[in-house]
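Next come the chains, spelled out residue by residue.
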4 protein chains.
Amino acid sequence: MQYKISFKNDYSEGAHPYVLEVLSQTNQQQQAGYGHDQISQHARSLIRSAIQREESSVFFVAGGTQANLLVISHLLRSYQSVIAVDSAHIHVHETGAIESAGHKINLVRHVDGKLNVTAIQELLNSHQDNHMVMPKMVYVSHCTELGTIYRKSELRDISQFCRSNGLLLFLDGARLGCALTADGNDLSLSDIADYCDVFYIGATKNGGLLGEAIVFPDPDLSTGFDFHLKQKGALLAKGRLLGAQFYALLETGLFFDLARHANGMAARLSQAFRDCGYAFAFPPVSNQIFPILPFDLIERLQEKYDFYRWQSVDDNRAVVRLVCSWATTKESVDRFIDDLTHQTPHRNIDSI
Amino acid sequence: MQYKISFKNDYSEGAHPYVLEVLSQTNQQQQAGYGHDQISQHARSLIRSAIQREESSVFFVAGGTQANLLVISHLLRSYQSVIAVDSAHIHVHETGAIESAGHKINLVRHVDGKLNVTAIQELLNSHQDNHMVMPKMVYVSHCTELGTIYRKSELRDISQFCRSNGLLLFLDGARLGCALTADGNDLSLSDIADYCDVFYIGATKNGGLLGEAIVFPDPDLSTGFDFHLKQKGALLAKGRLLGAQFYALLETGLFFDLARHANGMAARLSQAFRDCGYAFAFPPVSNQIFPILPFDLIERLQEKYDFYRWQSVDDNRAVVRLVCSWATTKESVDRFIDDLTHQTPHRNIDSI
Amino acid sequence: MQYKISFKNDYSEGAHPYVLEVLSQTNQQQQAGYGHDQISQHARSLIRSAIQREESSVFFVAGGTQANLLVISHLLRSYQSVIAVDSAHIHVHETGAIESAGHKINLVRHVDGKLNVTAIQELLNSHQDNHMVMPKMVYVSHCTELGTIYRKSELRDISQFCRSNGLLLFLDGARLGCALTADGNDLSLSDIADYCDVFYIGATKNGGLLGEAIVFPDPDLSTGFDFHLKQKGALLAKGRLLGAQFYALLETGLFFDLARHANGMAARLSQAFRDCGYAFAFPPVSNQIFPILPFDLIERLQEKYDFYRWQSVDDNRAVVRLVCSWATTKESVDRFIDDLTHQTPHRNIDSI
Amino acid sequence: MQYKISFKNDYSEGAHPYVLEVLSQTNQQQQAGYGHDQISQHARSLIRSAIQREESSVFFVAGGTQANLLVISHLLRSYQSVIAVDSAHIHVHETGAIESAGHKINLVRHVDGKLNVTAIQELLNSHQDNHMVMPKMVYVSHCTELGTIYRKSELRDISQFCRSNGLLLFLDGARLGCALTADGNDLSLSDIADYCDVFYIGATKNGGLLGEAIVFPDPDLSTGFDFHLKQKGALLAKGRLLGAQFYALLETGLFFDLARHANGMAARLSQAFRDCGYAFAFPPVSNQIFPILPFDLIERLQEKYDFYRWQSVDDNRAVVRLVCSWATTKESVDRFIDDLTHQTPHRNIDSI
């Protein structure tokens, strides 16, 4: 059986080999359990240095949905809600995890996957008494679900608005590596720590086997979070597994190299789509791209490649999603481009 | 700095090398996410064969507390409770995870860490109307928290009582490997599947990096459990990480070999304590043993070895807990025995 | 201080005098607690007879939000959701009660406050895997939040669709009296019981001090609901208080007489608005009406009368909500009409 | 059919007639909903004056279980627990309401139904890391479940211990009226407000139809509680119903008169039991008494009177519970005493 090459997501392979190597090298050491091991302590130090906040709190958990539900339910009282765009992962693809933790998500319409101050202000205006939830947190993703990124000025505006209005700002960084290395990015990890009350750095989709590093720049906000982790089943006995991966990824900058590679592969695909004359549903800047293709082309490409058909735009065309990762090879990308070019009608080729 | 040899727990080291080897070998394969990968499918097949129930449902999760809260909250309605002994892990050491999921634990007194039918019946007798919770599940651990194991006749009696009284039987198998290879064990994995409505097989404490395999012998009881896993943040994007470990452990019987080794090391320690004339708080049969030692001996041993002081028994003596694992070496054990023997007063040595 | 006459809601007064009379008459009787009293049993019998289902289960609770959260959390598993229109009370005005009970509300767009089969089908189409919640219940209100009512054919279609698709149908009847006595209504209480899996009959807004009667036409769906009520703090020690009110309201048809009166008063107001040439945001058929009025008229009327300004429709006009109740007097209505007529510009008066 | 006279509980009758009278007198007034009405404001003022704290926050809810779950879940974070005696209502008779709200109850053994500082200290000692819940609140009842009361010195000691140890003190006052008017009571309402962080004053069991007044002496602790009430279904549309009752009970001291009556009737019964030579399981000081009676006497008395058999003490005798209320008549009590005396064997009578 011949497998298709997959552009479905960024978690189809295991970990970058160096991550496995560090796991092996440290494997036989006797270490304290539950995240008190020395490898995890080293990894936390690397993160604190990177954001230039030695006092910040860092916790490692297994995945993004877990990180989202833990952070949100830790910081909100039962009647407080989180504001997010209608394309947000917490709204669409977490099986009601946030609601299951007791909190309403207040939805506002996304613009290229992003949230803005005007939308937050309108939401606040319509929530004024105790017959409605009390909005208390703003959730953004960087990269967004649609592969776009926030400009520094955009995130700063949201941050300032939140601080003026008593709202907490939470940034979902499941794909933070790709965001911070994307074309046009002007945000640093340290900026993120300045603007947000809590955020996480995702390893699962950027070279790790699993793991998100939740960072509270102000450690006071994390009081009791260790109890919360344990109670919700998120504290691993062998916490070293998470610490060692972040150590491997952050020690030498591998984390950013892998993200840059994923973005580069996606950019190569984007250029090919552009060359063939295809438009995009959202600006292609990171490792997820959303070209608009004719139905028949989609069908032919899906014979050889795995990727998601996102949604139809008219009777002939649909948006598709293609995702590259640290493990995507130039060979796979070039084979795809070759097939794309050959499958594309003559008039498009002419436009090259 | 010189580290002490640790007998504190069975999760101080990483994974058995063969587990890491399988992870490396399968690392570059493109696989489906969220547990739909082929390695996890193979691992599920191995478990289904071992319990001789091809139709059973198997789910892999990261840890024991997570497994406990997921299973209990999946099977109980909000007003239903779970019956457990007062030494149960879900009561003592899970930071209220079960209560946080909404359920009361009805406690009965343990006998050597174990539950029995009489205690369950008494509990039922005292819960008769809607001003009290409705007991609906019985929770047992095998091994128990105190290192003891259930005899086949004991578990069968509990199982029959549960089925006669409309109760579900859930077996926490965080240390199931050690239980099934313990001296005096007469239960098989297949018996467990016959007697229980749901149980899990622990890898975290028996050679894996992390992972518990939750088994519903009757798949009807697992309807919707995949939604529940995702919602509670327990579904790993790279589910292959869990599947590959169970595959490595179960393919050739490594799982049982490692448990046998841990038990053997503990038995060697037990014999030494007996030889020195020390008694045990609970019968030592698996990888956790609870000798009763004089305060001063405990102090001297703790200079070189890490282990927990459990609780005082009188003004001079305390119960301690020593735990061996797949990674405990004969050298470490013999060094401990040597120190123990030399530290023990003459009259005890005479009794050898 | 001169109070304004209030058309703000249907709970500004206490109870209809006959309700208080029954409370007084039965006050000194020694009765069983927690709803086991004889008065509550009589009231349950009256409801069972009215819906011609002697076996149905009936529970009395204090209010609408409480009824909604109890019913929804009783019937849904943690990962299951309820489908509702975006104007639904459970979405807008219950402070996240449903989410606090752990459940996501799947929103679809309302048409005059109502839900339809096409919208439900589309919602189901987009929820197909375990990364999204599992829709399992449909919530409708009758009257809707916008004062409109379902036609028999509409509710039957929704009911049939639900039964074909494994969905439960729940009808919020906080204003059921007004719905069943509204102009154009062709549904009976017995039809409601035929079409719905669970519904409630509201007394709080129709002559009672407090109280909603939750009805499960099929008693099997109510198994354990008495435990659920007690656990959630909804079981009153003196349950007679609820039973006596329903007894008073249902014994002689007072319940429907009061609703008819409220509708009649609202219809009188509606006719006056029409006579003055004003349009309505939603068809005025029950005790809540939503005329569209010029800003300055609203301002002048609000000097003497209390009512809600709903939302602006353009730079000059807004929708307002006026509510009549069992206690609204013809004198109050006529005084309002008098003021309305005098405040209305000449060209509108001409159109009478 | 002849009804038995009931000493089963203190909620067998409706409300004191004056409560109904106030309800009737205020019934037709148009008032704001959801507790913003003027009658509720008056009632709140009466409570604030009684505790001499004009700034305190007062909320009215329907019942005791509701009050308990609302207060506890409002003040605790998810991983925090409440300490209570093993006879506590929240542990035994609320169908797991506290656990359903997510919190573990840490049990300590009661002494005559009461909690003490030594027991709290031991509990704290055994809860030292994040694998166990974090005790954060102490729950006491006054009267206790066993009819006993706290001395001022006892409550002061608990209060001081709580403040020194960062614990919140919550007093369940479902029967506070009877406690404050009991023989030997040296606590005032104002003392309660001094010693506790939150408490409630129960009307359901002392002359009202329903209602508990939750008091936060320090209003800062109640921030957001109004949202919490609404979200949990505890906010009545016609909040006046609760306010009017507390107004009626507190305006002229009726509340304390009724409690004094209930205690007096119980004291009359107690004296009769003593006269007949019977002992008590717990000191009889309030409206609930627990004499120890021979099985055959219990049986004969239960032919004419309703009361609970609490638990057996040996093969011949059991503890029973008799409860008097504001509505218990001297005639009923004397008839009971007459029967008791006649049913009691000669040697007991001699001992008078």
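Residues numbered from 1 in each chain as written. Chains lettered and ligands numbered in written order. Predicted model: local features only at pLDDT ≥ 70, side-chain atom pairs only at ≥ 80, totals over all residues. Heavy atoms only, no water.

## Structural notes on the pattern of salt bridges
1) Next: Per the stated rule, a full pass over the model turns up 48 salt bridges over all chains.
2) Next: A salt bridge links R268 of chain A to D334 of chain A; its shortest N-O distance comes to 2.7 Å. Remark: D334 of chain A occurs in helix α14 (residues 330-343) and R268 of chain A occurs in helix α12 (residues 254-275); sequence separation between them is 66 residues.
3) Next: Assessed through its relative accessible area of 34%, R268 of chain A is described here as partly exposed.
4) Next: A relative accessible area of 26% places D334 of chain A in the partly exposed class.
5) Next: Across the salt bridge formed by D10 of chain D and R175 of chain D, the nearest N and O atoms sit 2.7 Å from each other. Linking D10 of chain D in the loop between β1 (5-6) and α1 (17-26) with R175 of chain D in the loop between β6 (168-172) and α8 (176-180), this pair joins segments that are 165 residues apart in sequence. (Salt bridge = Lys/Arg side-chain N within 4 Å of Asp/Glu carboxyl O. Helix = DSSP H or I, 4+ residues; strand = E, 2+ residues; numbered from the N terminus. Buried < 20%, exposed > 50% of the residue type's maximum accessible area, 1.4 Å probe, protein only.)

## Description of the relation of the copies chain A and chain C
1) Next: Structural alignment of chain A on chain C gives an RMSD of 0.0 Å, achieved by rotating through 180 degrees and translating 0.0 Å along the axis. Such values leave the two copies arranged in the relation of a two-fold axis.
2) Next: Here 100% of the interface residues in chain A have copies in chain C that are interface residues too; the copies meet face to matching face. (Least-squares fit on C-alpha atoms with pLDDT ≥ 70 in both. Contact = heavy atoms within 4.5 Å.)

## Regarding the side chain of T204 of chain B
1) Next: Its place among the elements puts T204 of chain B in the loop between β7 (198-202) and β8 (212-216).
2) Next: A relative accessible area of 7% places T204 of chain B in the buried class.
3) Next: In terms of polar contacts, T204 of chain B uses its side chain to reach the side chain of E212 of chain B, at 2.6 Å.
4) Next: Those residues in contact with T204 of chain B that sit more than four places away from it in its chain are A237 and K238 of chain A together with D10, A62, L209, L210, G211 and E212 of chain B. (Polar contact = N/O pair within 3.5 Å; in protein donor to acceptor, adjacent residues only side chain to side chain.)

## Focus: helix α14 (residues 330-343) of chain D
Residues and elements named next belong to chain D.
1) Next: In this model, α14 (14 residues) spans 20 Å end to end at C-alpha, consistent with the 20 Å of a helix rising 1.5 Å per residue.
2) Next: Those residues of α14 lying buried are S332, V333, F336, I337, D339 and L340. Mapping the buried residues of α14 onto a view down its axis gives an arc of 165 degrees, with all of them on the same face. Away from its buried face by more than 90 degrees, α14 exposes E331, R335 and H342.
3) Next: Residues of α14 that are buried sit in contact with β1, α12 (254-275), α13 (295-302), β11 (305-306) and β13 (317-323). (Expected span 1.5 Å × (residues − 1). Arc of directions from axis to C-beta.)

## Quick look at the packing of aromatic side chains
1) Next: Within the structure shown, the criterion is met by 68 aromatic pairs over all chains.
2) Next: The interplanar angle of 80 degrees and the centroid separation of 6.4 Å between the aromatic rings of F307 of chain C and F336 of chain C together place this pair among those described as edge-to-face. Remark: F336 of chain C occurs in helix α14 (residues 330-343) and F307 of chain C occurs in the loop between β11 (305-306) and β12 (308-312); sequence separation between them is 29 residues.
3) Next: Using a relative accessible area of 6% as the deciding quantity, one classes F307 of chain C as buried.
4) Next: With a centroid separation of 5.1 Å and 20 degrees between ring planes, the pair formed by F60 of chain D and F246 of chain D is classed as stacked. Residue F60 of chain D is located in strand β2 (residues 57-61), and its partner F246 of chain D is located in helix α11 (residues 240-250); the two are separated by 186 residues in the primary sequence. Considered together, F60 of chain D and F246 of chain D belong to a single accessibility category, that of buried residues.
5) Next: Taken together, the ring pairs in this structure connect F7, F273, F280, Y305, F307 and F336 of chain A into an aromatic cluster.
6) Next: When the ring centre of F295 of chain B is taken as origin, the NZ or CZ atom of R309 of chain B, which lies over that ring, is 4.3 Å away. (Phe/Tyr/Trp six-rings, centres within 6.5 Å; stacked < 30°, edge-to-face > 60°. Lys NZ or Arg CZ within 6 Å of the ring centre and 35° of its normal.)

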